[in-house]
Structure formats: structure tokens, C-alpha cells
Amino acid sequence: MFGYIRPLQGELKIREFEQFRSCYCSLCRELKDRYGITARFILNYDFVFLTMLLWEENEEYSCAKDKCPLHPIKGKCICRRTEATERCAGYSVILTYWKLRDSVADDGFFRSFPSRISSLLLKRAYKKAALKYPGFENAVRGGLEELTSLEKQNEPSMDKMADKFANILCAAAHDENETQQRIKRQLLYHMGRWIYILDAVNDIEEDDKRGNYNPLAVRYGLNGGKLDDETKNSLEITLKHSVNMIISAYELLPENCWKEIIRNIIYLGMPAVSDSVFDKSTARAGTDRREI
Amino acid sequence: MTDPYSVLGVSPSASDDEIKKAYRDLARKYHPDNYHDNPLADLAQEKMKEINEAYDQITKSRASGGSSTGGSSGYGYGYSGGSQQNYRNNTNYGGSAAFAQVREALNVGDIARAERLLNASSVRNAEWNYLMGNVYYQKGWLDEARNYYQRAVQMEPTNQVYRNALAYMSNGGYAYSPYGYQQRSGGIDACDICTALMCFNMCCR
């Protein structure tokens, strides 16, 4: 779906890289056990970050080796499951389901076929997760509905659009401590803003081709699905500003066992991902849509 | 009372230099410039206060215990003094009486009220645009905030407060970056930041 929130691998220690992977595996296991086999295919890096952010302050890291269908012989290290892994697995099911429904509504009958099938396969898992996290379910459904209706009105404010998406991520914040909850909401708000705008950069050419709404095209009056240098510069600065807001929020939180990886992601990973999306959308000649 | 050494993240057996370094790093991290008009500025200010108190306490106790070689309290890197006023001072620039209530709302962090008051106002001058920019900034609508600051500067190009706000946006804000995590892109280096911050501080006093 998105998957923009990831570490800059070359700057991780090997131990940290393995811990990061073990968290991914743990989420995957959580999805399979709670939501069935189909659910495990929806996993992406964004939710690994969320898990690390919501990880309880006093929960230490530990992992155990176990086999799984993808690694049947050697097995993989799977980090211990906590309330955070359980919660993020549920959140990822809810968000993915509504994103799929969203594309079913947006795209034509044939183009939406894969989304239609996937959302059907995910429906049972979604119902279960929605029952467990009604607050988040409400925020996702409401937020995406608002986005759809603003898209139809060709909303000119990029920030207004980003705000709706950012509020969805805000709703994922969970901390019993009121102050820390406030910090996490602020952090996730700017992460949501960053993801929304960067995704619009990524989609600008395709949206133009298909005649779809793109918030940047409207905000900057772009034609032909291309970013000019001035627009690119302005977007890079506003995205950097959101990253700075994320950093200043994070540094006010008490550290947990994922601190090195979280710092790698916000200080290095996000700027690197942003660079690669901009490089792609300015240099891209054809319809190259490879994963970043 | 919390242990001052744990506040600075050092052991009680740490040398004076180690303590000074830990203090400097933390003071750099929570410096008001990193939280300029930030909705979490009050929390950073609290942190700063804790750190300053812990550092003062350690230096004082070491000076009286004779373990320190001339380390005196109030070393403070100039952070302990004016830092409190530096928060949110963007709105304390002695603006017109017409927007006194708006500034008051912004100072206590009541963004919704500030926005309501501004929308109800019939005056749409440079100051209005500047204050609206501030509202949007705190909401996290950074692109809109920049547009309002830009309009304020266009209407009143000589106002240094408005110009500073716009310059801050044009740089993408500031945040702490620990050693080894220097941001690569953006084309700014430490000197640029220092100069900009010095100018900023001078204007804000």
C-alpha cells in the first residue's frame, strides 16, 4: 500500500537490522494467528514503525527462532509479541480493507477487480478487527470518506487533504500517559501528512494520465504530470519541515528498546525515501513504477 | 526529587567534562529554536528546565564537595537565562490592539479560538495574515502557513518578524540532529543554521 516508512538499511547495525526484521516477522505471525492466512499478505513497513512507536516503554526486546512457510528450513527470528504487535496487526487489517474498498469505489469495474477480490478475502478479518478497535475503524472510514468527497470537489488545498489523512494516523496513537499520547499524536500527524504528500508526488504522472484528482496538480497548477524545479523545491522543503516536526516530537518521548531503529528511520530513512521518490518522478520517462 | 545524574543520563562517577558534554547535548536537543511555535513547545521547555536544574545541582554539589576544579554554577551556556521567553515569543512582538485577543489565545495554545477570532475579523492586513499563518503552523498545515506569512511580508515588506517567519518556513524549520545523523539534503550547513538562529534571536529579544 504505502511502505514509505523504512530504515536506511546501510546505516543500521546488523543486530538492529535483525531486530527490525524480527518485528516484521512478529507482525506477520500476529496477522496469521488472529486474522487468517490471507491477512498476512497485507503487511508493510509502515506498520512495523507503528509497532515500534507504540511498544511499551518497559517491555524489553527478546526474540525466538521459529519456522514459517516462507522460511521452512532455517526459520526466522520472531520478536516477542506484545500489546503493540496485536494492536498494529488489527490496525493494518482495518486500514488495508478500507483502502481496498476505496479503490473499488474509485476505479472502473475491470480495473478494480483485484481490489474487489482482495477486499472480499479480507472481509472476515476486517469485521473481527473492527469489532476490537472501533475507534480506529471510525477514524479510518470517516477520514477516507471525507477524502473521497473532497477529491470530487477538486479541493485546492494540499494541506486540507493531507490533514484528513494525517488524522487517520493520529487515531492510531495509543498511550495511557496523557502527555505521551499528545506527543505521539503530533508525531503521527506529521507522518501522515508526509506520507500523503509524498504519495501524491509518486502518483502525479499516473493521475495525470488517468485524469484522476491529484492534490499537487491542483495546488501548483501543474500540467502533464510533471514537477517543475520550483514546485519540487517547495515540496521538498515542506516535507522536510514535517520530518523536523516528527523528530522534535520523538525526542520528547521516553526511549524504548527500538530507539536506534526509530532514530534511523526518522533521521535518515524518511529523507532517503523522499529523495528516491522525487528522483523517480523527475527522471521517470516511461511508466516505470517499481517499488522504492 | 529525581536524581540529577539520571536526568542528564550520566553516572554519578562521571567526570566534569562528561557531565558538561551530556548537558550540552541535551540542551542542544531541547533548545527553544528547535521548538519554535511548536505545539509541543511547553514540553520542551519543561525538559529544558529539568536539565538546567540537574546541571546546576551537580555543579553546585561538586563545587562545595571540592571534587570539582573550579566548576561553578550558572555555567548554563546561555540557555538557562532567556530560554523561557523564547518560546512562543513569535506572537509577543507588540502587535496592534485589534488582535490582542488572538495573540492571547495563541499564547495559551487555544488554536481553535484564535482561528475563530481571525475569521470573524473584518481587518485583513499584514498582521492578520501573519497571525493566520501562526494558526495554520500550529495545526500542522505548513504549506498554508507559508502562504499566509508570504502575504504578510508582501503587504509589509519591512517587518522583520514577518520576514523571519517566512525565512523559517523557507528553510523547512529546524530540529536537533545528533552526531552521525546529519541531514544530507537541503544544502544547509551548521554555519547557516547558526547565523540564521543568531539573527532570529536578536530580532526576538
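Because the structure is a prediction, the values reported are computed rather than measured.

(A) Representation of the overall build of chain A within the structure. Within chain A one finds 10 helices and two strands. Helices and strands in chain A line up, N terminus first, as α-α-β-β-α-α-α-α-α-α-α-α. Radius of gyration (C-alpha) of chain A: 19 Å, near the 19 Å computed for a compact globule of 292 residues. Its C-alpha atoms give chain A principal-axis dimensions of about 55 × 40 × 40 Å. For chain A, buried positions account for 57% of its 292 residues. A sequence separation of at least 24 residues applies to 71% of the contacts in chain A between residues at least 6 apart. As displayed, chain A has an accessible area near 13100 Å², and 51% of this comes from carbon and sulfur atoms.

(B) Focus on the overall build of chain B. What chain B contains, in helices and strands, is 10 helices and zero strands. Of the regular secondary structure in chain B, the N- to C-terminal order runs α-α-α-α-α-α-α-α-α-α. Expressed as a percentage of its 205 residues, the buried residues of chain B come to 48%. Surface summary for chain B: the accessible area is close to 10100 Å², and the carbon and sulfur share equals 51%.

(C) Structural context of unusual backbone geometry. Backbone geometry at Asn154(A) places phi at a positive 55 degrees, although glycine is not the residue there. Along the chain, Asn154(A) turns up in the loop between helix H5 (134–152) and helix H6 (158–170). Look at Asp37(B): it is not a glycine, yet its phi comes out positive at around 60 degrees. Mapped onto the elements, Asp37(B) comes out in the loop between helix H2 (16–29) and helix H3 (41–65).

(D) Just the packing of aromatic side chains, in detail. A full pass over the atoms with the stated rule returns 18 aromatic pairs over all chains. Ring-pair connections join several aromatic residues into one group, and the members of that group are Trp128(B), Tyr136(B), Trp141(B) and Tyr148(B). Over the face of the ring belonging to Tyr35(A) we find Lys128(A), whose NZ or CZ atom lies 5.5 Å from the ring centre.

(E) Structural context of the interface of chain A and chain B. With 34 residues of chain A at the contact, the number on the chain B side is 35 residues. By the criterion of area lost to chain B, the three top residues of chain A are Lys240(A), His241(A) and Leu252(A), representing 21% of everything that side buries. Linking chain A with chain B are three salt bridges. As a salt-bridge pair, Arg182(A) and Asp42(B) come within 2.8 Å of each other at their nearest N and O atoms. Applying the counting rule to chain A against chain B returns 18 residue pairs in polar contact (both at pLDDT 80 or more). If you list the elements that add at least two residues to the side of chain A that touches chain B, you get H6, helix H7 (178–210), helix H8 (215–220), helix H9 (229–250) and helix H10 (259–283) of chain A. It is H9(A) that contributes the most residues to the side of chain A that touches chain B, 10 residues altogether.

(F) The arrangement of the confidence of the model for chain A in detail. Per-residue confidence for chain A gives a mean pLDDT of 90; residues scoring 70 or more make up 96%. Ranking the helices and strands of chain A by mean pLDDT puts H6(A) first, with 97, and strand E2 (residues 71–79) of chain A last, with 85.

(G) Region of the structure containing the state of the cysteines. Residues and elements named next belong to chain A. With the rule as written, the count across this model stands at zero disulfides over all chains. With no disulfide of its own, cysteine 79 has cysteine 23 as its nearest cysteine by sulfur position, at a separation of 4.7 Å. Free cysteine: cysteine 88, not disulfide-bonded; nearest cysteine sulfur from cysteine 23 at 8.1 Å. Its relative accessible area of 0% is what places cysteine 88 among the buried residues.

(H) Structural context of H7(A). All names here are of chain A. An ideal rise of 1.5 Å per residue puts 48 Å on 33 residues; H7 measures up with 45 Å between its terminal C-alpha atoms. At aspartate 203, H7 is bent by approximately 55 degrees, the largest bend along its length. Burial of H7 is extensive: 25 of the 33 residues sit out of reach of the surface. Looking at the residues trailing H7, positive phi occurs at glycine 211, about 75 degrees.

(I) Here's a closer look at the nonpolar core. Grouped together as the largest cluster of nonpolar side chains are 110 residues, with contacts concentrated most on Met191(A), Trp194(A) and Leu8(B). Broken down by element, this core gets its largest block of residues, 12 residues, from H7(A). The contacts of Trp194(A), once residues within four sequence positions are left out, are Tyr4(A), Ile5(A), Leu239(A), Ser242(A), Val243(A), Met270(A), Val273(A) and Ser274(A). Ala166(A), Met245(A), Phe99(B) and Tyr162(B) belong to the second largest nonpolar core, which has 33 residues in total.

(J) Examining the pattern of salt bridges more closely. Residues and elements named next belong to chain A. Summed over all chains, the structure comprises 28 salt bridges over all chains. The shortest N-O distance in the salt bridge between glutamate 16 and arginine 15 comes to 4.0 Å. Its relative accessible area of 5% is what places glutamate 16 among the buried residues. Put simply, Glu30, Lys32, Asp33, Arg34, Arg81, Glu86 and Lys132 are held in one network by salt bridges that share partners.

(K) Representation of helix H9 (residues 160–171) of chain B. Residues and elements named next belong to chain B. If you check H9, its first and last C-alpha atoms are 16 Å apart, about what 12 residues at 1.5 Å a residue would give, namely 16 Å. For H9, the N-terminal capping position is held by asparagine 159, with its side-chain oxygen 2.8 Å away from the main-chain nitrogen of valine 161. A positive phi of about 80 degrees marks glycine 172, the residue just after H9.

(L) Structural context of the packing of H6(A) against H7(A). All names here are of chain A. For the pair H6 and H7, the least separation of the axes is 7 Å and the interaxial angle reads 130 degrees. In terms of orientation, H6 lies oblique with respect to H7. When you trace H6 past H7, the crossing you get is right-handed. Residue-level inspection shows Met158, Asp159, Met161, Ala162, Asp163, Phe165, Ala166, Asn167, Leu169 and Cys170 of H6 in contact with H7, the latter providing Arg185, Leu188, Tyr189, Met191, Gly192, Arg193, Ile195, Tyr196 and Ile197. Here the contact of H6 with H7 is composed, by residue class, of 13 nonpolar, two polar and four charged.

Conventions we followed
- Residues numbered from 1 in each chain as written.
- Chains lettered and ligands numbered in written order.
- Predicted model: local features only at pLDDT ≥ 70, side-chain atom pairs only at ≥ 80, totals over all residues.
- Heavy atoms only, no water.
- Helix = DSSP H or I, 4+ residues; strand = E, 2+ residues; numbered from the N terminus.
- Rg over C-alpha atoms; globule rule 2.2 N^0.38 Å.
- Buried < 20%, exposed > 50% of the residue type's maximum accessible area, 1.4 Å probe, protein only.
- Contact = heavy atoms within 4.5 Å.
- Areas by Shrake-Rupley, 256 points an atom, 1.4 Å probe, with all protein chains shown as cover.
- Phe/Tyr/Trp six-rings, centres within 6.5 Å; stacked < 30°, edge-to-face > 60°.
- Lys NZ or Arg CZ within 6 Å of the ring centre and 35° of its normal.
- Buried area = accessible area lost by both parts, 1.4 Å probe.
- Salt bridge = Lys/Arg side-chain N within 4 Å of Asp/Glu carboxyl O.
- Polar contact = N/O pair within 3.5 Å; in protein donor to acceptor, adjacent residues only side chain to side chain.
- pLDDT = per-residue confidence, 0-100.
- Disulfide = S-S within 2.5 Å.
- Expected span 1.5 Å × (residues − 1).
- Bend = angle between axes of the 7 residues up to and from the residue.
- Core = buried A, V, L, I, M, F, W, Y, C linked by side-chain atoms within 4.5 Å.
- Axes fitted to C-alpha atoms, helices over the stretch in contact; angles between N-to-C directions.
- Parallel < 35°, antiparallel > 145°, perpendicular 65-115°, else oblique.
- Left-handed = near helix turned anticlockwise from the far one by under 90°.
- Nonpolar A, V, L, I, M, F, W, Y, C, P; charged D, E, K, R; others polar.

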